Amino acid sequence: MEHEEEATEAAGHAAEATDAAHGAADAAHGAADAAHGGAEAVGMPQLDFSTFPNQIFWLVVTLILIYLVLVRIGLPRVSAVLAERSGTITNDLAAAEDLKRQAEEAEAAYEKALADARTQAQDIAAKTRAEIQTDIDEAIARADAQIAEKSKESEARIAEIEAGAMQSVEEVARDVAAEIVKALGGSAKADDVSGAVSSRLRGGA
Amino acid sequence: MVAYILVALAVLMFVLALTGTENPGLAIHPMDQFVVKPLFGDGPIHWYTPTNVTLWLGLAILAVIALMVMGTRGRAVIPSRGQSIAELAYGFIRKMVEDVAGRDALPYFPYIFTVFLFIVMSNFLGLIPTSFATTSHIAVTAVLALAVFLSVTILGFVKNGAGFLSLFWVSSAPLALRPILAVIELISYFVRPVSHSIRLGGNIMAGHAVLKVFAGFAGALGLASIAPIFGILAIYGLELLVAFIQAYVFTILTCVYLRDALHPHH
Amino acid sequence: MEGDIASMGQFIGAGLAAIGSGASAIGVGHVAGNFLAGALRNPSAAAGQTATLFIGIAFAEALGIFAFLVALLLMFAV
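Calculation criteria
Residues numbered from 1 in each chain as written. Chains lettered and ligands numbered in written order. Predicted model: local features only at pLDDT ≥ 70, side-chain atom pairs only at ≥ 80, totals over all residues. Heavy atoms only, no water. Helix = DSSP H or I, 4+ residues; strand = E, 2+ residues; numbered from the N terminus. Buried < 20%, exposed > 50% of the residue type's maximum accessible area, 1.4 Å probe, protein only. Areas by Shrake-Rupley, 256 points an atom, 1.4 Å probe, with all protein chains shown as cover. Phe/Tyr/Trp six-rings, centres within 6.5 Å; stacked < 30°, edge-to-face > 60°. Lys NZ or Arg CZ within 6 Å of the ring centre and 35° of its normal. Contact = heavy atoms within 4.5 Å. Buried area = accessible area lost by both parts, 1.4 Å probe. Salt bridge = Lys/Arg side-chain N within 4 Å of Asp/Glu carboxyl O. Nonpolar A, V, L, I, M, F, W, Y, C, P; charged D, E, K, R; others polar. Axes fitted to C-alpha atoms, helices over the stretch in contact; angles between N-to-C directions. Parallel < 35°, antiparallel > 145°, perpendicular 65-115°, else oblique. Left-handed = near helix turned anticlockwise from the far one by under 90°.

Peer 1: Can you walk me through the overall build of chain A in this structure?
Peer 2: The helix and strand inventory of chain A stands at 3 helices and 0 strands. Listing every helix and strand of chain A by position from the N terminus yields α-α-α. For chain A, the proportion of its 205 residues judged to be buried stands at 15%. Approximately 15400 Å² of chain A is accessible, and the part contributed by carbon and sulfur atoms is 61%.

This is the structure we're talking about:
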């Protein structure tokens, strides 16, 4: 019995001793932890598996919320804005194309009007020139006719005058011849003298 | 603008480093910032407990709503600044899905856009000083990556039936090599979600831890803390870049996996 | 300085694992440098390959992140 008691006592002492040693080691370990791990942090917080369910739960909630916000509001809005913008740009480009075409048309119309005006002006000038030409021709013809008439009249008068002068010359010549004959003492018939003078005038002249 | 804000933050940090006396000596706790705490009280964390994770996830939702709903409220043909950003993000991801995964992947565009916006907003929100970076937690990125992995695998079998397995049977290789290649392809296929999630979480965690380490230096050095503060400034700029690039990479890898599911014959 | 052999091993291991970050930096630099060399030879084709560039960088960087993760695990989780 005594032996047994002693044995148990000894065992108890031994156990106490090892406990004490363990406690000392734990304390040392804790001190070391406190020295380079901080008061509450033990090792890496990333490997503290007791917080994993918490993190995973809130992460899944977060992801679902962000997904819903994006799918319901964010993405349709942004894609609508982008589509609207590309539509606006296309429309603006088409409008610009249209305006450019209109400007080109206006320019073509202007060119055409200019050409028309030019040809018209040329027409008018040509017509006027032709009119003036006919007027001039008419006036020239009239003047020619007048001149011809005048010159014919003049010729007739000249011929008359010539004829008159010839007759006068013949008369004078006959008279002179008769007087000469008379003065020379001859006598001659008037018909002979005049015949001789006229033949002389016609042949001799 | 951003440069002014950064310089102002640096000055603020310098003043804090000089005046702060609560943590004398080199006591750096780079992982403290990632601890998940209940928002109210100090009880145990059940799956429904509102924690700081909940708060910053909710702020990410608000940021997405601010960009995609408030920003596009005008529906203007000539967009405002916010609407331009929303349209830019929309066009960016839509073009990515179309170019990388093909036109027949467009029905899945809303989910890809959701993932991209969530990651980008969380990354940037996490960069606000004293904030909590939700995307630095493996639990969060693993759920994102596993969702992509599972849905892409199921989609591959639904669309192609057993033909989806030809993804692992490299028909352009010599016949003797094909079984070995199939094993390698199979392993790399199952490693995808691991690298997909750890890339994002690790990048964000590493950046924040480095910032914290430098902040610890600044707190310990007194007047000389100006040097680590400029280090923080430079790393903060890098982290802004990383925050966007990691979201971009996560999204483009999602598109690549989706293309494999839709067109497994390569 | 207190501590034991085990924590010394932890810290040495973490430091060794951090070498992996440097190795991944070499990889990322390789990807970006080769992309730049190719892009300068044929700038017209570069614009369409930025996605490939980022995927390549992401794959190279992920392994560095794994090394960093190992270091963190040794420091804080073992």
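Alright, that's what it looks like, and here's the rest.
Peer 1: When you look at the packing of aromatic side chains in this model, what are you seeing that I'm missing?
Peer 2: The geometry of an aromatic ring pair is captured by two quantities: the separation of the ring centres and the angle between the planes. Residues and elements named next belong to chain B. Under the definition given, this model contains 22 aromatic pairs over all chains. For the pair F157 and F164, a centre-to-centre distance of 5.0 Å together with 70° between the ring planes defines the contact as edge-to-face. Classification of F157 as partly exposed rests on a relative accessible area of 37%. We classify F164 as buried; its relative accessible area is 1%. Geometrically, the ring pair formed by F244 and Y248 is stacked, given 6.3 Å between the ring centres and 15° between the ring planes. Placement of both F244 and Y248 in helix α7 (residues 226-262) is noted, with a separation of 4 residues, approximately one turn of the helix. Directly above the ring of F109 sits R94, whose terminal nitrogen or CZ lies 5.7 Å from the centroid.

Peer 1: Any chance you could explain the side chain of E170 of chain A here in plain terms?
Peer 2: All names here are of chain A. With respect to the element layout, E170 can be found in helix α2 (residues 52-183). On the basis of relative accessibility, which here comes to 17%, the residue E170 falls in the buried class. The residues touching E170, leaving out its near neighbours within four places in the chain, are V197, S198, L201 and R202.

Peer 1: What is the right way to look at the interface of chain A and chain C in this model?
Peer 2: Accessible area lost during the coming together of the parts is what is often quoted as the interface size. Taken together, the contacts link 4 residues of chain A with 5 residues of chain C. For the pairing of chain A and chain C, the buried interface totals around 460 Å² over both sides, and the portion due to carbon and sulfur atoms is 78%. In this structure, the connection of chain A to chain C is made through 0 salt bridges. Residues that form the side of chain A that touches chain C fall into these classes: 2 nonpolar, 2 polar and no charged.

Peer 1: Explanation requested: the packing of helix α3 (residues 81-101) of chain B against helix α4 (residues 109-126) of chain B in the structure shown.
Peer 2: Between two packed helices, the angle of one axis relative to the other and the distance separating the axes together describe the packing. Residues and elements named next belong to chain B. It is the contact of α3 with α4, at a shortest axis distance of 10 Å, that shows an interaxial angle of 125°. When the interaxial angle is binned, α3 and α4 end up oblique. The handedness of the crossing between α3 and α4 is right-handed. Contact residues: α3 offers A89, Y90, F92, I93, R94 and V97, while α4 offers F109, I112, F113 and F116. In terms of residue class, the contact of α3 with α4 is made up of 9 nonpolar, no polar and 1 charged.

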